[in-house]
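Spelled out, the chains give:
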Amino acid sequence: MSHPFITRRELLRKASLGFGGLALSGLYGAPVRPHFQARAKNVIFLFMEGGVSQVDSFDYKPLLAKHHGEDPRKAIGEIEATQFGNVGKVMKSPWAFKQRGECGAWISDLFPHMAELADELAIIRSMTSNFPEHTSACYYLHSGVGLQGRPSMGAWASYGLGSENENFPGYVVLNGGQIPSGGLDNFSNGFLPATHRGNLLNAIGTPLANVKPNEKIAKAQEIKRSLAQQLNRGTSDGVEALESAIFNHELAARMQLAIPEVMSLDGETEATKKLYGFDAPYNHTRTYARECLIARRLIERGVCFVELTIPMVNGYQRWDAHNDLVKNHGENARAVDQPIAGLMRDLKSRGLLDDTLVVWSGEFGRTPFAQGGNGRDHNEYGFSLWMAGGGVKPGVTFGATDDWGYKAIENPLQIHDLHATILHLLGIDHERLTYRFSGRDIRLTDVHGRVIHEILS
Amino acid sequence: MNKQIPISSQVARIVFAALLISEAAPRANAGRFDFEGSKDRLPWIWEKPQRGAIPSVEEVAWPVDSVDRFVLRKLEVEKLQPAEPASDRVWMRRAHFAITGLPPKPEEVQAFLNDPSKDRKRTLVRSLLDSPHYGERWARHWMDLVRYAESRGHEGDAILPNAYHYRDYLVRAFNTDLPYDAFVTEHLAGDLLETPRRNPETGANESILATAWPFFGEESGTPVDLRQDECDRLDNKVDVLSKTFLGLTVACARCHDHKFDAIRQSDYYAMAGFVLSSSYRQARFESMEQNKVVAETLERLRRKHLPKIAKAFAEAARPVVDALDENATVELTTSSVYPVEGEHQLVADYTQGPTPWLVDGPTFGPSSIRPGQLILVTEQTSVPLPRWTRLIVAVDPGSQGEAWAKPAFDHGMWKTMKLPGHFENAGLPSHDGVVWFRKTIELSAGQAASRAILHLGQIDDMDVTWVNGTRVGGYENPGHHFTVRKYPVPAGLLRAGKNTIAVRVMDHGFSGGIAGKPEQLSLQLGEETVSLANLWHFAPGANLKALNTDAALAVPKPPLDQPLALSRNGGTIRDAFWNGLKNVNSENDPGALDGLARAGKTIRTPTVTLASGQVHYLIRGKAKVYAAISQALFTGPLHKTLMRTVEANGDAPRWIAHDLRHYAGQRVHFEFSPIGDAPLEILQVIDGGTPGHLPGEKKQVPREELHRALDDLMDGVLEARHMPHVAWLFEQGTVHLSAVQLQAWQSVLESLRKDVRWDSRLAVSWWGGTGVDEHVLARGRPESPGERVGRNLPELLAMAPLEGGSPGRLELAQQLTAREHPLTSRVMVNRIWHQLFGRGIVFTPDNFGWLGERPSHPELLDYLAVEFADTHAYSIKSIIERLVLSRTFGMSSKAANSAYAEQDPENRWLHRMPVRRLEAEVIRDSALAISGRLDRSVGGKPVLVHLTEFVVGRGTPTKSGPLDGDGRRSVYTALRRNFIPTFMLAFDFPRPFSTVGKRNVTNVAAQSLVLMNDPFLYQQSGIWAKRIIEKQPSAPKRIQQMYAEAFNRPPSDHELAACLEALTAFAGLYGGDPNGHEAWRDLCHSFYSMTDFIYLK
């Protein structure tokens, strides 16, 4: 059967000739063709909520071992206010660092699987945030503003590109269990039309709100739908909104089938599942493996922006290692490391990595000195993230923090730069993707942002 | 098959129009800000609306109201025919939804159709406007503007306690048709009104409830940088203020001059000052007005009684002074002083009369107290009796009616004991509690007439002493076991013959009794001394150990025995009269502010900028202090130091330090609230410096000086130099007023207490502080403060500069509600128009500026703005009635000519009424109304939100609410910022973060999924089916009933046939019973997926 509907993107391409740069709103909510040639069609955002410690993962600082146990005010110098104000001693990383791959990037033993893929990654070691507190930092990372209510980057991407597949929304959040600080508003459409909201797909349990019929007999729903559609046609009077609603009912019926299909992993081979870690002994590894595999299936079906939340590894502690860094980061890494590596390998072997941008990041980093005894406090002044796939130069390291891994000093970047780069790779000029709300043309990057060309291929 | 989504030229045109505007707009970065140019580009919004001529039209028969003439005129110019009138059914359904947000019941439709009167439409509209559901519907519209929510969002989604009173306020305000100018005034200054509007049923302060709106914004629990956080919150409040009331976007001038409108960056900071000048509180709105009257009465009565009692005190003190040896000197202590050395900032000095007097509630009286001021106390609170002392007195047999103090009491059966001595050694081993002693002595007439002083020596621990049944002295507080008792006996009390001395001794540990030296135990009669040593009768009274705590319940308030006090240092004094105020049925602030009910008993200092941050409070008593740095309402682990308990027990005030150095340079005010019933005086608050304490000097003065002090007291004027003398007299505790005097004052208080409203619920409200003007912050950043700007509106709307330290909001309200204000009335009539006609005359109701849209009918906008103010006297009901009855509102949603879809694709000229997607709440409420489950009760606490796998996150409410929200309208579902139900979000319920005068209206598949699969709708279809089966006997009748209830019309033959056919198919799935509930439930459920369910024609 041929697909009865043209895709939204195709439609808009047709409908919007001559009106570049301005978004249609309200009705279908997606604007125009990309501003220029896209390097990636999709984004998979691996959100490491809570803040991964850069000096224990991607930012090797031998000086910490040398000054381990010293007063940071003496060793490092002036210390900024931290969230908990409980400044301990300089603390070396409990994990050994090694140079990996041909590129020789320093990656610690915290992520043994990811480390093997060093030559695929573009590691940024000079990201900064504006907020040392989770919620504001989470909002900021997602929306470029540290407050509630702004559209998330996924919503902007969806607004900019729509979904290739009419059966799916453009922005999907795969929920591993850990809803970030600030709640679902991290995935908000803000003032953008509701269709661009991050649609929460549960990796476990009911996948999507209202996608599960109440009817015990499937036929009952079919009769209902057919009755409503038959009668709706009679009353639509050619009114456009009503005809769209009729169309939506049909689309919804298809989504209802498509969602379980994408969530069902029956068709995946054992080898694939194993690659992701479906047979891992740790249950949280298995949860995240499932998310990663579904993420691949979603982008295969044309979902533009897929975000993954982490499993509830340490309750609400996420990567937030205020104490017992070894246990906290160890367990979180154990949950996500193999699935992420599996995802990368799988994408690559299927040729999907060329079109898919993978972004791995927390909302901030952690202090190079201890909080209290054996934890680390929040650090907004410098942290690491990596990008890989569509349009990203593999095997590069960009930017640097000071000798302590405390503050970004070489090519310091802002979250706005990350946003500009993501949009750029999707073929969107971050300065031109705007939405008029309350009298202002608002963009994801506000008045900031520069594309990080240095890491682009 | 190649069906295309119908994207029409409509959308393209919108885009095109927008493009034209954006190209014509001045370039954002094109050089300097051109204020004059910006002003001249849109001159009309800065000028007062004018009622122009009512246009003439060709089709004179069409208009029924002048409003229609404006609309028709445009249509004629554009060569468009207005649509045919809508059918009565459609009109009626439309009016119902527009006014109440609920569908009409079938019988209401029938009654309307059958009504033969000419005025039936007006009758209907009026009855709808009189329905309480009108208020609910229009309150919800307003809630979109002020981003109403009942929690603070952010990480923990902490609750905003008692927010729902604002929602109920709105419902009542609309239902009682509060005129819009008063409505605006209450929103801006409801807490500052001299005579606020009171709820006619409860007497509660209604006006103050309107001032909750500033606090609906997001609040971070643990901002690291409080100043940055304050700037962000401020931005949001200014944004809501300017969009809601002015239809202007001032907040974008936070970082730079407005790029398109004549709004300077300084204008933003001028408006920010209004927000900064006031703070947050939970107000006792139900009791405050009533208690204000009581407080005023109390103050008046104090002023009336004070001179009398001062005089009586002076009279009673004469014999005490006279009893002193003529040549004796008395040791007085002059007042302590509390000097501060070094550079410091005096934040508040309550010893020097009222610094700005900022109190919440009557607890601290009408103003601060000056040094040397005499105070008429309301209870024995300056040194309250210990609880157990009161307990003993309450249960002690001899104290009941002072029975054992009376001369007539026969103590002949009592044992005797040799005094002085400890009673433990005389038959009362290990007794703690009360022991009564009595002695009868015979006096001659000469002896009885002489000046008498009773000496009892040291008493361990406390005593009250009577002579012939009259109290002559006593020490009822602990700590006096070394005090030598010396009580003057008032003249005339002794008589010839038998005289009785009764002493009630109280001891609360170790040994006790009248235990001084034998030579100290005597009655001095002029020159003669009669020894009282040796045998006294005694009897044990209440035993401390035997007391049980239940008795505490029965403890009456102790009688006043000394209503006069003297303030030696001045300050604020917590008035014990108000002990007993209780907050009921309310929530407290979560987190660090919790644990203490502060409402109605808090005093705050002016706002200052912290210099050193080394803060000291000069206080006596016990208080909770909240250092409101940047007015943050913190709940998380940070900033706990801002909340402190300070305690300075003892007789003299003390300096208590509060280290806030971490916050130096930030704005702060301090809020003090008493803890429990403990006394509290606050004298000074300083920032920096080294505070000291120099105890008063001792000096010997002759008796005559005491007399001169009493002369002063008689005159009602106390010279500063006499303060130590009067203080000494108070401290002796030996001057006692007559029972008559005491009772007069006591009964005044008791009758006044009956008028107090002790219990009150709490509501969020503004609290007027001292005027705070903000600095212009370069690029919006707090680290670069520039010049300070006075509080004001944007320059082109500006009011006279504010004088003094008032918060300025009353003045702001006056300015905005002045008839000549260019925006207030226009913005509101446009909002009303937007709700009724689906699009505003200005399509962007929150932005009348350059980036908003130009009005489609500018003359109509002005006409309505003037009419609203003049003809309708700001009555919202009245203007709604008028507009709903217009010909324009009554048009069909089908255009007169299908070509108009091209000619006027946006329906900008109103050639028809639009088809409208109902709002999220209306869809849900309709489902409840149709099923019959709708609970139509109005107001009250929110119903908990129903939690699902998709309504999750940190700070999840502890309990999930019912799936059907108890059948209440959606406006009553708890609005937790981080937990908005999926159903609501799918249908574009606006996220409450800023003003949304025009909701998004999307049309997406997720909505269809909700209609198909949402468990709530499925549940409602079951309820509806059950009712339908019971109500109607046959399938066709049932289907007709369903159409009447859901769509207010009969089904067509085709629809009836299709439904019957589907019914048969459903029944087939469940065993073939055509009356089966499951089959009917499924048919009912199908109705939600019909476009008529969510679209209104």
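Residues numbered from 1 in each chain as written. Chains lettered and ligands numbered in written order. Predicted model: local features only at pLDDT ≥ 70, side-chain atom pairs only at ≥ 80, totals over all residues. Heavy atoms only, no water.

### Concerning the overall build of chain A
Here is step 1: Secondary structure assignment for chain A yields 12 helices and 17 strands.
Here is step 2: Taken over C-alpha atoms, the radius of gyration comes to 23 Å for chain A, in line with the 23 Å a tight globule of 457 residues would show.
Here is step 3: Overall size of chain A, expressed as C-alpha extent along the three principal axes, is 80 × 50 × 40 Å.
Here is step 4: A burial count over chain A gives 68% of its 457 residues as buried.
Here is step 5: The long-range share in chain A, meaning contacts at least 24 apart out of those at least 6 apart in sequence, stands at 76%.
Here is step 6: Approximately 14,700 Å² of chain A is accessible, and the part contributed by carbon and sulfur atoms is 49%.
Here is step 7: Mean positive and mean negative side-chain charge positions of chain A (47 and 50 charges, respectively) differ by 3 Å. (Helix = DSSP H or I, 4+ residues; strand = E, 2+ residues; numbered from the N terminus. Rg over C-alpha atoms; globule rule 2.2 N^0.38 Å. Buried < 20%, exposed > 50% of the residue type's maximum accessible area, 1.4 Å probe, protein only. Contact = heavy atoms within 4.5 Å. Areas by Shrake-Rupley, 256 points an atom, 1.4 Å probe, with all protein chains shown as cover. Lys, Arg positive; Asp, Glu negative; His and termini not counted. Charge placed at Lys NZ, Arg CZ, Asp CG, Glu CD.)

### Focus on the overall build of chain B
Here is step 1: Of regular secondary structure, chain B possesses 30 helices and 33 strands.
Here is step 2: Reported as C-alpha extents along the three principal axes, the dimensions of chain B are approximately 125 × 75 × 55 Å.
Here is step 3: Here chain B holds 1097 residues, and 60% of them are scored as buried.
Here is step 4: If you take every contact in chain B between residues at least 6 apart in sequence, the share linking residues at least 24 apart comes to 79%.
Here is step 5: Only carbon and sulfur atoms are counted for the fraction: they give 52% of the accessible area of chain B, which is about 41,400 Å².
Here is step 6: If you average the places of the 126 positive and of the 130 negative side-chain charges in chain B, the two averages end up 2 Å apart.

### Focus: unusual backbone geometry
Residue and element names in this part refer to chain B.
Here is step 1: Residue Pro420 follows Leu419 across a cis peptide bond; omega there is -5°.
Here is step 2: Examined against the element boundaries, Pro420 turns out to sit in the loop between strand S6 (415–419) and strand S7 (433–443).
Here is step 3: Geometrically, the link from Asp460 to Asp461 is a cis peptide bond, its omega value of 15° lying close to zero.
Here is step 4: Mapped onto the fold, Asp461 is located in the loop between strand S8 (452–460) and strand S9 (462–467).

### With respect to the packing of helix H27 (residues 1035–1047) of chain B against helix H28 (residues 1053–1069) of chain B
All names here are of chain B.
Here is step 1: Orientation of H27 relative to H28, taken along the N-to-C sense of each, is 115°, at an axis distance of 10 Å. H27 and H28 meet at a crossing whose hand is right-handed. Taken together, the residues of H28 that come into contact with H27 (itself represented by Ala1035, Pro1036, Ile1039, Gln1040 and Tyr1043) are Glu1055, Leu1056, Cys1059, Leu1060 and Leu1063.
Here is step 2: The residue inventory of the contact of H27 with H28, partitioned by class, reads eight nonpolar, one polar and one charged. (Axes fitted to C-alpha atoms, helices over the stretch in contact; angles between N-to-C directions. Left-handed = near helix turned anticlockwise from the far one by under 90°. Nonpolar A, V, L, I, M, F, W, Y, C, P; charged D, E, K, R; others polar.)

### Overview of the interface of chain A and chain B
Here is step 1: Taken together, the contact between chain A and chain B spans 94 residues of the former and 86 residues of the latter.
Here is step 2: Buried surface at the junction of chain A and chain B, summed over both partners, amounts to about 8,100 Å²; 62% is from carbon and sulfur atoms.
Here is step 3: Its largest share of buried area at the contact with chain B, chain A owes to Gln148, Asn210 and Asn214 of chain A, together 9% of the area lost on that side.
Here is step 4: Linking chain A with chain B are three salt bridges.
Here is step 5: At the junction of chain A with chain B, the criterion picks out 28 residue pairs in polar contact (both at pLDDT 80 or more).
Here is step 6: Of all the secondary structure elements, the ones that give two or more residues to the side of chain A that touches chain B are helix H1 (8–15), helix H5 (134–143), strand S7 (199–202), helix H7 (218–235), helix H8 (240–263) and strand S16 (434–437) of chain A.
Here is step 7: Per-element tally for the side of chain A that touches chain B: the top contributor is H8 of chain A, with 14 residues.
Here is step 8: Taken together, the residues that form the side of chain A that touches chain B break down as 47 nonpolar, 31 polar and 16 charged. (Buried area = accessible area lost by both parts, 1.4 Å probe. Salt bridge = Lys/Arg side-chain N within 4 Å of Asp/Glu carboxyl O. Polar contact = N/O pair within 3.5 Å; in protein donor to acceptor, adjacent residues only side chain to side chain.)

### Structural notes on the pattern of salt bridges
Here is step 1: Throughout the structure, instances matching the rule amount to 90 salt bridges over all chains.
Here is step 2: A salt bridge links Arg167 of chain B to Asp168 of chain B; the shortest N-O distance between them is 2.7 Å. Here Arg167 of chain B and Asp168 of chain B have matching classes, each one buried.
Here is step 3: The shortest N-O distance in the salt bridge between Glu774 of chain B and Arg227 of chain B comes to 3.2 Å. On the criterion of sequence distance, the pair formed by Glu774 of chain B in the loop between strand S29 (763–768) and strand S30 (775–777) and Arg227 of chain B in helix H10 (residues 226–246) is long-range, its members being 547 residues apart. Accessibility assignment for this pair places Glu774 of chain B and Arg227 of chain B in one class, buried.
Here is step 4: Overlapping salt bridges, with partners in common, bring together Glu261, Glu268, Arg296, Arg297, Glu300, Arg301, Asp346 and Arg350 of chain A in one network.

### Focus: the confidence of the model for chain A
Here is step 1: Mean pLDDT over chain A works out to 88, with 92% of the residues at or above the 70 mark.
Here is step 2: Of the regions scoring below 50 in pLDDT, residues 1–32 of chain A engages in 82 contacts with residues more than four places distant in sequence or in other chains. (pLDDT = per-residue confidence, 0-100.)

### Structural notes on the packing of helix H23 (residues 920–931) of chain B against helix H26 (residues 1015–1031) of chain B
Residues and elements named next belong to chain B.
Here is step 1: Direction vectors running N to C along H23 and H26 enclose 25°, while the axes themselves pass 8 Å from each other. When the axis of H23 is compared with that of H26, the two are roughly parallel. In this structure, H23 crosses over H26, and the sense of that crossing is left-handed. Each of Arg924, Ala927, Leu928, Ile930 and Ser931 in H23 lies in contact with H26, whose residues at this interface are Phe1016, Leu1017, Gln1020, Ile1023, Trp1024 and Arg1027.
Here is step 2: For the contact of H23 with H26, the class distribution of residues is seven nonpolar, two polar and two charged. (Parallel < 35°, antiparallel > 145°, perpendicular 65-115°, else oblique.)

### Some points on the sheet that holds strand S2 (residues 87–90) of chain A
Residues and elements named next belong to chain A.
Here is step 1: Spatially, the three strands line up as an open sheet ordered S2-S10-S11, and their pairing is antiparallel. This sheet does not close on itself; its edge strands, each paired only once, are S2 and strand S11 (375–379). Looking at each pair of strands side by side, their axes are set apart by 65° on average, direction ignored.
Here is step 2: Relative to S11, strand S10 (residues 365–371) runs antiparallel, the two sharing four bridges. Pairing of Ala370 across the sheet is with Arg376, part of S11. (Pairing = 2+ DSSP bridges.)

### So, the side chain of Arg917 of chain B
All names here are of chain B.
Here is step 1: Within the secondary structure, Arg917 sits in strand S32 (residues 916–917).
Here is step 2: Within the structure, the side chain of Arg917 is placed 3.0 Å from the backbone oxygen of Phe987, a separation counted as a polar contact.
Here is step 3: Here Asp988 takes part through its side chain, which lies 3.3 Å from a polar atom of the side chain of Arg917.
Here is step 4: Excluding its chain neighbours within four sequence positions, the residues that come into contact with Arg917 are Ile923, Phe987, Asp988, Val1001, Thr1002, Gln1007, Ile1094 and Tyr1095.

### Section: H23 of chain B
Residue and element names in this part refer to chain B.
Here is step 1: Across its 12 residues, H23 extends 17 Å between first and last C-alpha, which sits within 8% of the 16 Å expected from 1.5 Å per residue.
Here is step 2: Extensive coverage of H23 is indicated by the burial of 11 of its 12 residues.
Here is step 3: Along H23, the positions that sit buried rather than exposed are Ala920, Glu921, Val922, Ile923, Arg924, Asp925, Ser926, Ala927, Leu928, Ile930 and Ser931.
Here is step 4: A positive phi of about 95° marks Gly932, the residue just after H23. (Expected span 1.5 Å × (residues − 1).)

### A closer look at the packing of aromatic side chains
All names here are of chain B.
Here is step 1: Tallied over the entire structure, the rule returns 60 aromatic pairs over all chains.
Here is step 2: Here Trp44 and Phe848 contribute two aromatic rings whose centre-to-centre distance is 6.1 Å and whose plane-to-plane angle is 45°, an arrangement assigned as tilted. In this pair, Trp44 sits in the loop between helix H2 (35–41) and helix H3 (66–77) while Phe848 sits in the loop between helix H19 (824–837) and helix H20 (858–869), placing the two residues 804 residues apart along the sequence.
Here is step 3: Take Phe848: its relative accessible area is 1%, and that puts it in the buried class.
Here is step 4: With centroids separated by 6.1 Å and ring planes inclined at 85°, the aromatic side chains of Phe983 and Phe1016 adopt a geometry described as edge-to-face. With Phe983 in helix H24 (residues 982–986) and Phe1016 in helix H26, this residue pair connects regions lying 33 residues apart in the sequence.
Here is step 5: Note on Phe983: relative accessible area 6%, which makes it buried.
Here is step 6: Here the basic side chain of Lys121 rests over the ring of Trp91, its NZ or CZ set 4.6 Å away from the ring centre.
Here is step 7: Here Arg924 stacks its cationic end above the ring of Phe1016, 5.2 Å away from the centre of that ring. (Phe/Tyr/Trp six-rings, centres within 6.5 Å; stacked < 30°, edge-to-face > 60°. Lys NZ or Arg CZ within 6 Å of the ring centre and 35° of its normal.)

### Some remarks on the sheet that holds strand S16 (residues 534–543) of chain B
Residues and elements named next belong to chain B.
Here is step 1: Strand order in the open sheet formed by six strands is S6-S16-S7-S12-S9-S10, and the pairing between neighbours is antiparallel. A single partner strand is all that each edge strand has here, and the edge strands are S6 and strand S10 (470–475). Across the sheet, the mean angle from the axis of one strand to that of its neighbour is 30°, orientation sign disregarded.
Here is step 2: Here six bridges tie S9 to strand S12 (residues 497–507), and the two strands are oriented antiparallel to one another. In the strand pairing of S12, Trp466 is matched with Ala502.

### Notes on the nonpolar core
Here is step 1: Counting residues in hydrophobic clusters, the biggest one holds 224 residues, and the most contacted among them are Trp142, Phe670 and Leu1083 of chain B.
Here is step 2: A per-element tally of this core places strand S22 (residues 614–629) of chain B first, with nine residues.
Here is step 3: Every residue in contact with Leu1083 of chain B, bar those within four places of it in the chain, is listed here: Leu227 of chain A together with Ile1039, Met1042, Cys1059, Ala1062, Leu1063 and Phe1066 of chain B.
Here is step 4: Ranked by size, the runner-up nonpolar core spans 68 residues in total, among them Ala118, Leu174, Val211 and Leu325 of chain A. (Core = buried A, V, L, I, M, F, W, Y, C linked by side-chain atoms within 4.5 Å.)

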